[in-house]
Protein chains: 2
Amino acid sequence: MKNKINFKKKFNLFSDYWTPKVIAEMNNYQFKLVKVKGEFISHKHDHTDEAFIVIDGSLKIEFSNKTINLNSGEMFVVPKGVKHKPYSKEECKILLVEPRETINTGNVQGKYTAPNNQWI
Amino acid sequence: MKNKINFKKKFNLFSDYWTPKVIAEMNNYQFKLVKVKGEFISHKHDHTDEAFIVIDGSLKIEFSNKTINLNSGEMFVVPKGVKHKPYSKEECKILLVEPRETINTGNVQGKYTAPNNQWI
């Protein structure tokens, strides 16, 4: 069995933005920590929902028809196929839950596309 | 699309122990809040891992060969098939992530077995 995971200690292990780090697996799903700051690209995941949990800070997620504001202790599940654009003025620390093979930029390959399975 | 979820507000909606309340779904998985206090039964889930995230308080999980202590901001994934017994001296608030059909007492039916799909 693995050890327990402490979010703060894990967040202290990296400083790059928009590059999800895997901290745990549950069946074929992964828990990933991400630090974000600034504007991400608009993208969608055609085959899966994606859960965002804000651990520290504040995150905006822009959709075509609305923007939601998530603060620490809040979560949101982006439905599959729905375009979304995360944005955060200040650094924000997030926990993502999604299937193992999920690419961070979904249907859009580009400079923000991060490699999968980066365990910390 | 659903609204965002605030853990504190959701926890304020119930007070019973050991009865998971569903707050969100991601594909066929559910996010469930639970308040726990005292000793639960030892059980296992034969078909799935189970993720525990402590939102507030402190939780012990006893295994056959060790006990782990989870505090606020910590998580642990119990592997499928592994017997575990949650315990908390004081009230502890937990977020569970697991497949929709997962029964809280796993392979053991009894007085602690709670109905599934109790949305709040």
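Just so it is clear, the model here is predicted, and its values are computed rather than measured.

Asker: When you look at the overall build of chain A in this model, what are you seeing that I'm missing?
Answerer: Across its full length, chain A carries 1 helix and 8 strands. Listing every helix and strand of chain A by position from the N terminus yields β-α-β-β-β-β-β-β-β. The C-alpha atoms of chain A give 13 Å as radius of gyration, which agrees with the globular expectation for 120 residues (14 Å, within 12%). For chain A, the spread of C-alpha atoms along the principal axes amounts to about 45 × 30 × 25 Å. Counting the 120 residues in chain A, one finds 36% classified as buried. Partitioning the intrachain contacts of chain A with sequence separation of at least 6 by distance along the chain shows that 66% fall at a separation of at least 24.

Asker: Any chance you could explain the relation of the copies chain B and chain A here in plain terms?
Answerer: Between the two copies of the chain lies a rotation about an axis combined with a shift along it. With an RMSD of 0.0 Å, the operation that places chain B on chain A is a rotation of 180 degrees combined with a shift of 0.0 Å along the axis. Taken together, the rotation and translation describe the operation of a two-fold axis. The residues that chain B uses at the interface reappear at the interface of chain A in 100% of cases, marking a shared surface.

Asker: Explain the interface of chain B and chain A here, please?
Answerer: The parts lose accessible area when they come together, and the size of an interface is often stated as this lost area. Of the residues lining the interface, 25 residues belong to chain B; the matching set on chain A comes to 26 residues. With 4 residues, the top contributor of residues to the side of chain B that touches chain A is strand β7 (residues 74-78) of chain B. Looking at the side of chain B that touches chain A, its residues break down into 15 nonpolar, 4 polar and 6 charged. The sheet contact formed by strand β1 (residues 5-6) of chain A and β7 of chain B spans 2 bridges and is antiparallel.

Asker: Sorry, what's going on with unusual backbone geometry here?
Answerer: A negative phi angle characterises most non-glycine residues, just as the trans form characterises most peptide bonds. The backbone phi angle of N117 of chain A is positive, close to 60 degrees, even though this residue is not glycine. The residue N117 of chain A is located in the segment after β8 (85-99) in this model. Located in the positive-phi region is W18 of chain B, a residue other than glycine, with phi close to 60 degrees. Position of W18 of chain B among the secondary structure elements: in the loop between α1 (7-11) and β2 (21-26).

Asker: Whenever I open this one, the pairing of strand β6 (residues 67-71) of chain B confuses me. Can you help?
Answerer: Successive side chains on a regular strand alternate, one facing one side of the sheet and the next facing the other. Residue and element names in this part refer to chain B. In this structure, strand β5 (residues 58-62) lies alongside β6, joined through 5 bridges in antiparallel fashion. Looking at the pairing, I61 lines up with I68 of β6. Hairpin geometry of β5 and β6 is characterised by an intervening segment of 4 residues between the two adjacent antiparallel strands.

Definitions and cut-offs
- Residues numbered from 1 in each chain as written.
- Chains lettered and ligands numbered in written order.
- Predicted model: local features only at pLDDT ≥ 70, side-chain atom pairs only at ≥ 80, totals over all residues.
- Helix = DSSP H or I, 4+ residues; strand = E, 2+ residues; numbered from the N terminus.
- Rg over C-alpha atoms; globule rule 2.2 N^0.38 Å.
- Buried ≥ 20, exposed ≤ 12 C-beta atoms within 10 Å, placed from the backbone.
- Contact = placed C-beta atoms within 7 Å.
- Least-squares fit on C-alpha atoms with pLDDT ≥ 70 in both.
- Nonpolar A, V, L, I, M, F, W, Y, C, P; charged D, E, K, R; others polar.
- Pairing = 2+ DSSP bridges.

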